[in-house]
Amino acid sequence: METTKPDNPRKPQIDNMKQILPRNDDVECQIHRELDAVQVVHDYSKRAQWLRAAVLGANDGLLSTASLMMGVGAVRQDAKTMILTGIAGLVAGACSMAIGEFVSVYSQYDIEVAQLKREQRATGNNNDLEAMKKKLPKPLQAAAASALAFAVGAVVPLLAAAFIRNYRVRVGVVVGAVTVALLGFGVVGAVLGRAPAVRSSLRVVIGGWLAMGITFGLTKLIGSTGL
């Protein structure tokens, strides 16, 4: 009498588990997708930081140059003196920003390079140090970007005052141009910082008005004493 071997009852269960469990290829693809997403977020964060620094630099150039021009314009009403003052402020401010940024970023660069060397000695990892250095902040690039951003902001009041002879009209145009630029920088900074655009813009504009007003008033007061 022939006996038939019963089917293995565990085989369907094993087949079902194979269908349920993900394959290694799927897991690796998922990991790569997650890593790519993290890299995209990291790159966006770095670009946002650079843009925010550029906006702050341009705002600094705009406000400091405009305040300087308003201060000198309070005691000297001719256009040439006011514009030369703005040019001097642009050059001095851009150089100051560039040197300060270079020193700051180079200090950060030295600290991070020293940390990489310590990690290599501690772990025995012989990865290429030069390749890792390329991912660190570049001092010269940061200095040039900071100087350029400052200069871009400083050009606004200079252009506003360059072609107007009448003193009162020139001052009004400078204040108006600076106000519009401050609103724009405030909106961009708020968007990058995910803050309320209207409130941030008004805060920047009011601060700019105060800076120009205080500089104009104090210079006018000191100039009236005959110093």
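Residues numbered from 1 in each chain as written. Predicted model: local features only at pLDDT ≥ 70, side-chain atom pairs only at ≥ 80, totals over all residues. Heavy atoms only, no water.

Novice: Whenever I open this one, the overall build of the protein confuses me. Can you help?
Specialist: Along the protein, the regular secondary structure elements total seven helices and zero strands. Each helix (α) and strand (β) of the protein, taken in turn from the N terminus, gives the series α-α-α-α-α-α-α. Here the protein holds 227 residues, and the buried ones make up 28% of them. Sequence separation of at least 24 residues holds for 75% of the intrachain contacts in the protein that already meet a minimum separation of 6. Of the roughly 15,600 Å² of accessible surface on the protein, 64% is carried by carbon and sulfur atoms. (Helix = DSSP H or I, 4+ residues; strand = E, 2+ residues; numbered from the N terminus. Buried < 20%, exposed > 50% of the residue type's maximum accessible area, 1.4 Å probe, protein only. Contact = heavy atoms within 4.5 Å. Areas by Shrake-Rupley, 256 points an atom, 1.4 Å probe, with all protein chains shown as cover.)

Novice: When you look at the pattern of salt bridges in this model, what are you seeing that I'm missing?
Specialist: Pairs may arise between side chains of opposite charge once their charged atoms sit close together. In the structure shown here, the tally under the stated rule is one salt bridge. Salt-bridge contacts for arginine 76 lead to aspartate 78; the nearest nitrogen and oxygen are separated by 3.7 Å. Owing to a relative accessible area of 31%, aspartate 78 belongs among the partly exposed residues under this scheme. (Salt bridge = Lys/Arg side-chain N within 4 Å of Asp/Glu carboxyl O.)

Novice: Sorry if this is basic, but what is going on with the UniProt feature "transmembrane region" (unreviewed entry) in the protein here?
Specialist: Listed under "transmembrane region" (unreviewed entry) in the UniProt record, and renumbered for this structure, are residues 142-164, 170-192 and 204-223. Helix and strand shares over residues 204-223 are 100% and 0% respectively, and the end C-alpha atoms of the span are 28 Å apart. (UniProt positions renumbered as here; feature names shortened; annotations may be inferred.)

Novice: Would you explain the nonpolar core in this entry?
Specialist: Buried together is how nonpolar side chains tend to be arranged in soluble globular proteins. With 26 residues, the main nonpolar core has Met70, Val174, Val178, Leu182 and Met212 as its most contacted residues. Sort the elements by how many residues they give to this core and helix 5 (residues 139-162) lands first, with eight residues. Apart from residues no more than four positions distant in its own chain, methionine 70 is found in contact with Met82, Val171, Val174, Val175, Met212 and Phe216. Tyr109, Val113, Leu129 and Leu136 belong to the second largest nonpolar core, which has five residues in total. (Core = buried A, V, L, I, M, F, W, Y, C linked by side-chain atoms within 4.5 Å.)

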